[in-house]
Amino acid sequence: MAQKMTSGLALRQLQQAQQAMKKVRKGLVQVREADPADRPELAQTLLNAGWESLNRTYRDLAAIPLDAATEEVMLRQIAVQRYATALLVRLRRLVRNDLEGLEGPDDDEE
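Procedures and definitions
- Residues numbered from 1 in each chain as written.
- Predicted model: local features only at pLDDT ≥ 70, side-chain atom pairs only at ≥ 80, totals over all residues.
- Heavy atoms only, no water.
- Core = buried A, V, L, I, M, F, W, Y, C linked by side-chain atoms within 4.5 Å.
- Buried < 20%, exposed > 50% of the residue type's maximum accessible area, 1.4 Å probe, protein only.
- Helix = DSSP H or I, 4+ residues; strand = E, 2+ residues; numbered from the N terminus.
- Contact = heavy atoms within 4.5 Å.
- Expected span 1.5 Å × (residues − 1).
- Axes fitted to C-alpha atoms, helices over the stretch in contact; angles between N-to-C directions.
- Parallel < 35°, antiparallel > 145°, perpendicular 65-115°, else oblique.
- Left-handed = near helix turned anticlockwise from the far one by under 90°.
- Nonpolar A, V, L, I, M, F, W, Y, C, P; charged D, E, K, R; others polar.

Enquirer: Before we go on, may I ask you to explain the nonpolar core in this structure?
Expert: General note: in soluble globular proteins, nonpolar side chains tend to be found buried as a group. The biggest cluster of nonpolar side chains holds 24 residues, and the ones touching the most others in it are Met21, Val31, Leu87 and Leu94. Of all the secondary-structure elements, those providing two or more residues to this core are α1 (7-33), α2 (39-62) and α3 (71-95). The dominant element in this core, judged by the number of residues it contributes, is α1, at eight residues. Here Val31 is in contact with Arg39, Leu42, Ala43, Leu46, Leu94, Leu99 and Leu102, once residues within four sequence places are set aside.

In structure tokens, the structure reads:
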């Protein structure tokens with residue numbers, strides 16, 4: 001039997017999703033600082049990981065039922081969505097090979 005989604009479970013899932021995206025963002029710095037010969041392979045690996053992380057995050061966001069959507073959960077959703085958008089922008093820069101734009105000011109936490 002599937003576990004009923006509570007606000008506490010929703011908050012934990014959102015936190016886990018953000019942690020996974022943070023790992024990808026840290027990897028972006030490694031790509032930027034990597035040897036140019038190694039960058040294409042690292043970039044592709046990171047792009048795949050980032051895309052999977054975004055997919056999981058959006059699935060988790062969409063799976064939260066209204067009953068679990070407390071004010072705290074909604075605020076966390078906003079923060080996670082902003083973080084996901086920032087990651088998507090950076091992944092787009094990675095695809096365009098814009099290494100200077102891979103990491104900007106951190107807006108990690110709210």
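So, next bit.
Enquirer: I tried to follow the side chain of Asp60 on my own but got confused; where do I start?
Expert: The residue Asp60 is located in helix α2 in this model. Beyond its immediate chain neighbours, meaning those up to four positions away, Asp60 contacts Gln13 and Ala17.

Enquirer: Would you take a moment to explain α2 for this structure?
Expert: Residue pairs spaced three or four apart in an α-helix point in one direction, given the helix's 3.6 residues per turn. The end-to-end C-alpha distance of α2, which contains 24 residues, comes to 34 Å, matching closely the 34 Å that a straight helix rising 1.5 Å per residue would cover. Taken together, the buried positions of α2 are occupied by Ala43, Leu46, Gly50, Ser53, Leu54, Thr57, Asp60 and Leu61. Contacts made by the buried residues of α2 are with α1 and α3.

Enquirer: Is there a simple way to explain unusual backbone geometry in this structure?
Expert: When glycine is set aside, most residues are seen to have a negative phi, and most peptide bonds are trans. The phi angle at Asn97 is positive, at roughly 65 degrees, despite the residue not being glycine. Along the chain, the position of Asn97 falls in the segment after α3. The class of Asn97 is exposed, set by a relative accessible area of 56%.

Enquirer: Please explain the environment of Ala20 as it appears in this structure.
Expert: Tracing the backbone shows Ala20 in helix α1. For Ala20, a relative accessible area of 27% translates into the label partly exposed. Along the chain, Ala20 and Leu91 lie 71 residues apart, while their C-alpha atoms are 14 Å from each other.

Enquirer: How do you make sense of the packing of α2 against α3 when you look at a structure like this?
Expert: Working note: a packed helix pair is described by the angle between its axes plus the distance between those axes. Put simply, α2 and α3 touch, their axes get as near as 10 Å, and they point 155 degrees apart. As summarised for this structure, α2 and α3 are arranged roughly antiparallel, according to the angle between their axes. Once α2 is placed against α3, the crossing between them reads as left-handed. Between α2, through Ala43, Leu46, Leu47, Gly50, Trp51, Leu54, Thr57, Tyr58 and Leu61, and α3, the contact on the second element is made entirely by Gln77, Val80, Gln81, Ala84, Thr85, Leu87, Leu88, Leu91, Leu94 and Val95. Residue composition of the contact of α2 with α3, by class: 14 nonpolar, five polar and no charged.

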